[in-house]
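Examination of the molecular architecture
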Amino acid sequence: MNKVYSGMDTLPIGRADDSITEGCIVLEGGGWKGLYTLGVLDYLMLQNINFRSTVGISAGALSGLGYVTGQIGWAVRVDLGFRHDRNYCGIGAVRRDHGVTGFTYLYRDILKTLPFDKRKFKETEKEFAVGVTNMLTGQIEYLEKGKSNMSAAVRASATVPYVSRPVVIKGVPYLDGGCAEKIPYSWAESRGEKKVVVVKTREWAYRRSEKKSLMDSVLYHKYPRFVEAMARSKNEFNRMTERLEELHRNGEVFVIAPSKPVEVTRFEGDLEKLGALYWLGYRDMEGQIKDLMKYLSKE
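Numbers given for residues are sequential positions, taken from 1 along each chain in its written order. Side-chain atom pairs in this predicted model are given and counted only at pLDDT of 80 or more, local residue features only at pLDDT of at least 70, and totals for whole chains, interfaces and linings cover all residues. Calculated side-chain values reflect all of the structure's heavy atoms, with hydrogen atoms and water omitted.

So, the pairing of strand β5 (residues 127-134)
Between buried and exposed lies partly exposed: a residue is buried under 20% and exposed over 50% of the maximum accessible area for its type, with that area taken using a 1.4 Å probe on protein chains only. Elements are defined by DSSP. Helices are runs of H or I of four residues or more, strands are runs of E of two residues or more, and each kind is numbered from the N terminus. The buried fraction of β5 amounts to seven of the eight residues, a majority that puts the element mostly inside the structure. When DSSP locates at least two bridges between a pair of strands, those strands are taken to pair. The pairing of strand β3 (residues 51-57) with β5 spans five bridges and is parallel. In the strand pairing of β5, V55 is matched with A129. Relative to strand β6 (residues 140-144), β5 runs antiparallel, the two sharing five bridges. Bridge pairing links T133 to I140 in β6.

In structure tokens form, the structure reads like this:
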């Protein structure tokens, strides 16, 4: 039997209503740090705050699926219920999908146990986009619901470099959107969104090392622009974090970030730590809900 989180019975479950909140929610990636995002999103759905537009990268792309369909508690049950299923995250995933996440197992098997509302996803007026990195150009591309195969798009966005085979879409190899852009704020900005909520998965003080990795040049020597993008992304993350701090202080953007340092690693296996991170996101959002409502109501 697979190990599961001890607090599974305490996780919320239900459906958000069909109301739509004008604005865009932006979801950072971060591997299993995405449990923080799931806590934030579940709390928002319980308050029936359902943004018209959602954009995510990497783990943020996966996190956004259940939010778009209004399925409270769905995504966290997938992650905490199947983290130690080797077909979802382990040797079975490597054999089937040549990567650390078993997307084939997720789509074909897990969704039989925890159904994803495909009809709602297709029919809802909510918009959904995921960021992917084009390995040929090194540029971020945003694939949108209604215009792209979203199963392939989410898979590409969350396909971790170094340990996973690229996802090929229409002859183009793609990898984790975070290789080019770690916080997908540019999508919301390019659309002129007036209300933007950004969910970070690292505390405000966190900054990335800007040192170049020799591994990038060795593993991806056939894709020089991709290597350049990976090198730039660290510095750009730091600049974006500083910019978002200023925008948040000025009331132009609302940012929710972990209220204490995140100790969960990208490939974290401690289910109690993952569960605690989920609840941190939930309670951080609960503690800032009045500030969020004030931001959303401001002309």
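Regarding helix α11 (residues 271-287)
Between its first and last C-alpha atoms α11 spans 24 Å; for 17 residues at 1.5 Å apiece the expected length is 24 Å, and the two agree. Turning to α11, its buried residues number three or more, namely L271, L274, G275, L277, Y278, W279, L280, G281, Y282, D284 and M285. Residues are treated as being in contact if the distance between any of their heavy atoms lies within 4.5 Å. Its buried side turned inward, α11 meets α1 (34-46), α3 (74-82), β10 (254-256) and α12 (289-297). Within 3.5 Å is the distance limit for a polar contact, defined as a pair of N or O atoms, with the added protein rule that one can donate a hydrogen and the other accept it, and that residues adjacent in sequence qualify only through two side-chain atoms. Sitting at the head of α11, D270 places a side-chain oxygen 3.0 Å from the backbone nitrogen of E272. A helix's residues, less one, multiplied by 1.5 Å, set its expected span.

A short note on the environment of G66
Along the chain, G66 falls in helix α2 (residues 59-69). Owing to a relative accessible area of 3%, G66 belongs among the buried residues under this scheme. Between the alpha carbons of G66 and F116 there is a distance of 7.6 Å; along the sequence they are 50 residues apart. In this structure, G66 is in contact with M45, Q71, W74 and F116, ignoring residues within four places of it in sequence.

Some remarks on the packing of aromatic side chains
Aromatic pairs are defined between Phe, Tyr and Trp rings, using the six-membered ring for Trp, whenever the two ring centres lie within 6.5 Å; interplanar angles under 30 degrees are classed as stacked, those over 60 as edge-to-face, and all others as tilted. Enumeration according to the criterion identifies 12 aromatic pairs in this entry. An angle of 85° between the planes, with centres 5.2 Å apart, marks the rings of Y43 and Y282 as edge-to-face. Linking Y43 in helix α1 with Y282 in helix α11, this pair joins segments that are 239 residues apart in sequence. Summarising the burial analysis for this pair, Y43 and Y282 share the class buried. For the ring pair F103 and Y107, a centre distance of 6.2 Å and an interplane angle of 40° mean the geometry is tilted. Taken together, the residues F103 and Y107, both in helix α5 (residues 103-113) and four residues apart, mark about one turn of the helix. On the accessibility criterion, F103 (3% relative accessible area) is buried. A relative accessible area of 27% places Y107 in the partly exposed class.

Thoughts on a nonpolar patch on the surface
Where nonpolar side chains cluster on the molecular surface, the patch consists of Y162, V163, M215, V218, L219 and F267 and spans about 570 Å² of accessible area. Counting through the fold element by element, F267 comes out in the loop between β10 and α11. When its relative accessible area of 43% is taken as the criterion, F267 is described as partly exposed. Any residue with relative accessible area above 30% and no salt bridge may belong to a patch, with like charges joined within 9 Å and the nonpolar Val, Leu, Ile, Met, Phe, Trp and Tyr side chains within 5 Å. Where accessible areas are quoted, they stem from the Shrake-Rupley method and a 1.4 Å probe; at the residue level, only the protein chains shown are allowed to cover. Definition used for salt bridges: Asp or Glu carboxyl oxygen within 4 Å of a side-chain nitrogen of Lys or Arg.

Some words on the side chain of R77
As for its position among the elements, R77 is in helix α3. Positive charge is attributed to Lys and Arg, negative charge to Asp and Glu, and no charge count is given to His or to the chain ends. Of the buried charged residues, R77 lacks a salt bridge, with D42 as the closest side chain of opposite charge at 6.1 Å. From its side chain, R77 meets the backbone oxygen of L11 in a polar contact 2.8 Å long. Every residue in contact with R77, bar those within four places of it in the chain, is listed here: M8, L11, P12, I13, F82 and L114.

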